Structures are given as structure tokens and as C-alpha cells.
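Structural description and commentary
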Amino acid sequence: MGKEEGKLYLCATPIGNLEDITFRVLNTLKEVDLIAAEDTRHTIKLLNHFGIKTLMTSYHEYNKVDKARQLVDKMKAGVDIALVTDAGTPGISDPGEELVRQCYEAGIKVTSLPGPAACVTALTLSGLSTRRFCFEAFLPSDKKVRQWILDELREETRTIVVYEAPHHLVRTLKDLGEVLGMERPVTLCRELTKKYEEAFQTTFLGALSRYGTEEPKGECVIVIEGKKIAEIQKQRRKSWENMSMEEHMDLYMEQGVEKKEAMKMVAKDRGIGKREVYQALMGK
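Let me sum up the structure you'll find in this document. (Residues numbered from 1 in each chain as written. Predicted model: local features only at pLDDT ≥ 70, side-chain atom pairs only at ≥ 80, totals over all residues. Heavy atoms only, no water.)

**Considerations on the sheet that holds strand 5 (residues 109-113)**
The sheet built from five strands is open, its strands ordered 3-2-4-1-5 with parallel pairing. Strands at the two margins of the open sheet, each flanked by one partner only, are strand 3 (56-58) and strand 5. If you compare each strand with its neighbour and ignore which way they point, the axes differ by 25 degrees on average. For strand 1 (residues 7-11) and strand 4 (residues 81-84), the ladder comprises three bridges, and the chain directions are parallel. Looking at the pairing, Leu10 lines up with Leu83 of strand 4. Each of strand 1, strand 2 (34-37), strand 4 and strand 5 touches helix 1 (residues 23-31); the most contacted strand, strand 5, lies at about 135 degrees to it. Running over the sheet, helix 4 (residues 96-106) touches strand 1, strand 4 and strand 5 and is turned about 155 degrees from strand 1. (Pairing = 2+ DSSP bridges. Helix = DSSP H or I, 4+ residues; strand = E, 2+ residues; numbered from the N terminus. Axes fitted to C-alpha atoms, helices over the stretch in contact; angles between N-to-C directions. Contact = heavy atoms within 4.5 Å.)

This is the structure:
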């Protein structure tokens, strides 16, 4: 009778403060057969701190496809593997998603052991709305792709979470501020969970005045207030000002909308009552 297939354990590790590791993750790292680490030099410090002697192998952005195949083969042979990133939860803005994808394709069981994640930590610390948010991780370095994403964020009403390295922070603040508005409220978080943790509410303009001449230390998370729905509604109403009521009606009726329904839609677009639309059209 053959040995059962192994399993992949996604193990969240501290983003700064070592006390944030869970008992479950510690036990798993001790019990698995192999730890796949984004940077073994970084992870060995964590393992040494907790006296963990489990064998390690490297799994990173530059070997993720081929190495994932090798790791899947090991799990098929019965090896249990824990995946760790440099900091935080594997699979978020790191090569872990490729290994998870290949595991599912191969029928390998995957489980995620929850723990620290910089995006959620910064969001809850920001003082901005947490009900709806979008996570953009690091903005792409390619100019065209970067601009495309920035343009997408222009009308985003959810709170936006962006990662950035300290030496790229000023450029990213400028790019975001130029698209979203320099007075847009933001909370800038850095050195999360560490001794010199900082989270301060400001605007893009305020952040640039603070870091325009002095590069911050530590990884940064920028939490940005979404565009206000009232502002979007105001802009939409303004866009109808250059169109007559008749032209506005024709726009919908040419799409096959019935007259009564078209009048409702025109009223809603313009922020006025149906009766006002009716009187304007009939009073012609």
C-alpha cells in the first residue's frame, strides 16, 4: 500500500514582531518534512529563534514555475511541505500563488494557516473605511501598465491599499496624487509591528512634503480613501449639462428603452424629479 500524498501548508510568519507568530504555525514548521522559503537566509533567522531544525529549500519569483513542479512531485510522494514568505501570508504579492495553483491542478491538498498580513494590519490601523477595500500590492514598474492601473483607480470608491519600498515611495506618492488628487486623504504606514511603527493620516501633498527630501526607513503601506460617491454623482450630473433634455431622452430611447422608463432614467441622471422631466419635454 503506497504512502498517502503530502499536503501544502501556507504558513503566515511575522511581518516584524516575532511574537506575532501563532502556535499552530510553529508546530507545523516543526512537524512538516520540508519548508519552502522565499529567502532561506531570511527564514533561517526565524527558525533559529524558535529552535526549529526542519530542512529548507528555496522557492522564489525566479524559480517558481519549475520549482513548484518539483515540490508537487515531492508532495505526491508523501512529503508534507510548509510554504513561507519573507514576511506575512504566503500567496499575497509573492510567488506562492503559483505553487498553490499547481497543487490544485495535481489534486494536492492545500491549507492556509492564518496570521500576519501587512495589507490588513495597515487597513485596520488607517482610520479609513474598512467595509469595502481593494488591494493593489506594488504598482507595476512598466510605465504603460502602471498608467493603466492608475487610470482604473481614478474612479475607485473603495479604500485602496498599496505597498511600496522606501526608495520608490516618493515616485509612487506623486503618481497616485496626480491621478487621485493631491488633497486625497491617505494614511501612510511603515515599520508595521516593529519598535518604530508609524501610521499617520495625511494627504498625498502632506506625505510628499514630509518625504520629499528624506527617504523613510522600512517597507511602506499606503492606505487611500476611495473616491466619494457623492463626488461621482456630481460629476455625472455635470456631464449631462451640455446635453438637452430631448437629447438625453433620445440617448436612452435609441437603445430600446421605453419612454416612461427613459424619463425615470433621465431624472435619476440629472438628480431631478420625473415630473420636472415630463414638464420640460411637454412644455416644448
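**Some words on the packing of helix 7 (residues 169-180) against helix 8 (residues 204-211)**
Between helix 7 and helix 8, the least distance of the axes is 9 Å, while the angle of their chain directions is 155 degrees. Considering their axes alone, helix 7 and helix 8 lie roughly antiparallel with respect to each other. The element helix 7 and its partner helix 8 pack so that their crossing is left-handed. On the side of helix 7, the interface is formed by Leu169, Val170, Leu173, Lys174, Leu176, Gly177 and Leu180, while helix 8 contributes Phe204, Ala207, Leu208 and Tyr211. Its residues assigned to classes, the contact of helix 7 with helix 8 shows nine nonpolar, one polar and one charged. (Parallel < 35°, antiparallel > 145°, perpendicular 65-115°, else oblique. Left-handed = near helix turned anticlockwise from the far one by under 90°. Nonpolar A, V, L, I, M, F, W, Y, C, P; charged D, E, K, R; others polar.)

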